[in-house]
Amino acid sequence: MTKPRGIRNNNPLNIEYNERNKWQGRVARYQATDPRFEQFVHPKWGIRAGAVLIINHHDRRDATTIRKLITIWAPKSENDTEAYIKAVAKRSGFDPDEELCFQWWEHIAPVIKAMIYVENGVQPYNDVLIDEALRLAGVERSDPISIGDAMHTDTGKGSIAAGGIVATTIATASPLLNELDWRVAIVTILVLTVTTVLGVLIWRSRRS
């Protein structure tokens with residue numbers, strides 16, 4: 001049985017070729033066999049590219065729901081957009097108009113899996129591969145804050161994950177537990193935690 005085009009191309013979200021997009025893991029154009037769509041050396045790179053585009057649409061074009069995302073991804077001029085929206089919503093478990101953050105693993109992973117199925121009629125990739133592709137796009141399995149703030153894209157935009165800041169706070173405070181009076185240690189941890197939260201809030205406000 002012939003594999004769907006997106007699966008053959010290791011490009012399961014069917015990203016069209018654009019010479020301006022210098023995707024990581026892409027097949028060199030002189031070696032490509034598909035004149036319309038990107039081809040990748042491994043599906044993790046194709047899924048990563050799809051995730052980067054979804055995050056960019058979320059950040060730059062207010063694609064904060066499945067309906068908004070798919071309307072951009074599969075315009076009515078070429079697709080049955082409403083059917084696509086309904087299928088992704090059903091398979092992902094989210095309402096079409098539910099507010100989502102595609103920088104969060106909990107939101108983007110189910111939606112990407114659903115989109116792969118709609119694009120190809122199959123979703124053959126296991127969670128390990130999907131997670132690796134999302135990690136390459138800057139999305140980790142973690143709490144929503146660290147996922148949201150860890151996002152980075154091919155354009156070079158990046159951020160320090162809030163989860164990393166929290167980890168630094170704990171690592172900084174831990175030695176104090178051994179060396180200081182327990183009351184002083186508790187106060188120190190509280191101060192560091194408040195400082196961390198304020199830092200994240202300031203960073204997020206500057207980013208928006």
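Residues numbered from 1 in each chain as written. Predicted model: local features only at pLDDT ≥ 70, side-chain atom pairs only at ≥ 80, totals over all residues. Heavy atoms only, no water.

### Notes on the nonpolar core
In terms of nonpolar packing, the biggest core is built from 41 residues, with I66, L69, I70, I108, V111, M115 and L134 touching the most fellow members. Elements represented by at least two residues in this core include exactly α2 (43–61), α3 (66–73), α4 (81–92), α5 (105–120) and α6 (127–136). In terms of residue count, α5 provides more of this core than any other element does, eight residues in total. Apart from the residues within four sequence positions on either side, I66 is in contact with I85, V88, A89, S92, F94, D95, P96, L100 and V111. (Core = buried A, V, L, I, M, F, W, Y, C linked by side-chain atoms within 4.5 Å. Buried < 20%, exposed > 50% of the residue type's maximum accessible area, 1.4 Å probe, protein only. Helix = DSSP H or I, 4+ residues; strand = E, 2+ residues; numbered from the N terminus. Contact = heavy atoms within 4.5 Å.)

### A look at the packing of aromatic side chains
On inspection of all chains with the given rule, the structure shows zero aromatic pairs. One Lys or Arg, R29, reaches over the ring of Y17 and ends 3.8 Å from the middle of that ring. For the cation-ring pair, R91 lies above Y117, with the distance from its terminal atom to the ring centre recorded as 3.6 Å. (Phe/Tyr/Trp six-rings, centres within 6.5 Å; stacked < 30°, edge-to-face > 60°. Lys NZ or Arg CZ within 6 Å of the ring centre and 35° of its normal.)

### Here's the deal with the packing of α5 against α6
In the contact formed by α5 and α6, the axes pass within 11 Å of each other and the chain directions differ by 120°. As for the relative orientation of α5 and α6, their crossing is right-handed in sense. Together, W105, I108, A109, I112, K113 and I116 of α5 and D127, I130, D131 and L134 of α6 make up the contact between the two elements. Residues of the contact of α5 with α6, tallied by class, amount to seven nonpolar, no polar and three charged. (Axes fitted to C-alpha atoms, helices over the stretch in contact; angles between N-to-C directions. Left-handed = near helix turned anticlockwise from the far one by under 90°. Nonpolar A, V, L, I, M, F, W, Y, C, P; charged D, E, K, R; others polar.)

### Some thoughts on the confidence of the model for the chain
Of the residues in the chain, 69% have a pLDDT of 70 or more, and the chain-wide mean is 82. Taken together, the stretch residues 144–180 has pLDDT below 50 and engages in 66 contacts with residues farther than four places along the chain or on a different chain. (pLDDT = per-residue confidence, 0-100.)

### Focus: the side chain of N10
Relative to the elements of secondary structure, N10 occurs in the loop between α1 (5–8) and α2. For N10, a relative accessible area of 17% puts it in the buried group. Apart from residues no more than four positions distant in its own chain, N10 is found in contact with F40, V41, H42, P43 and G46.

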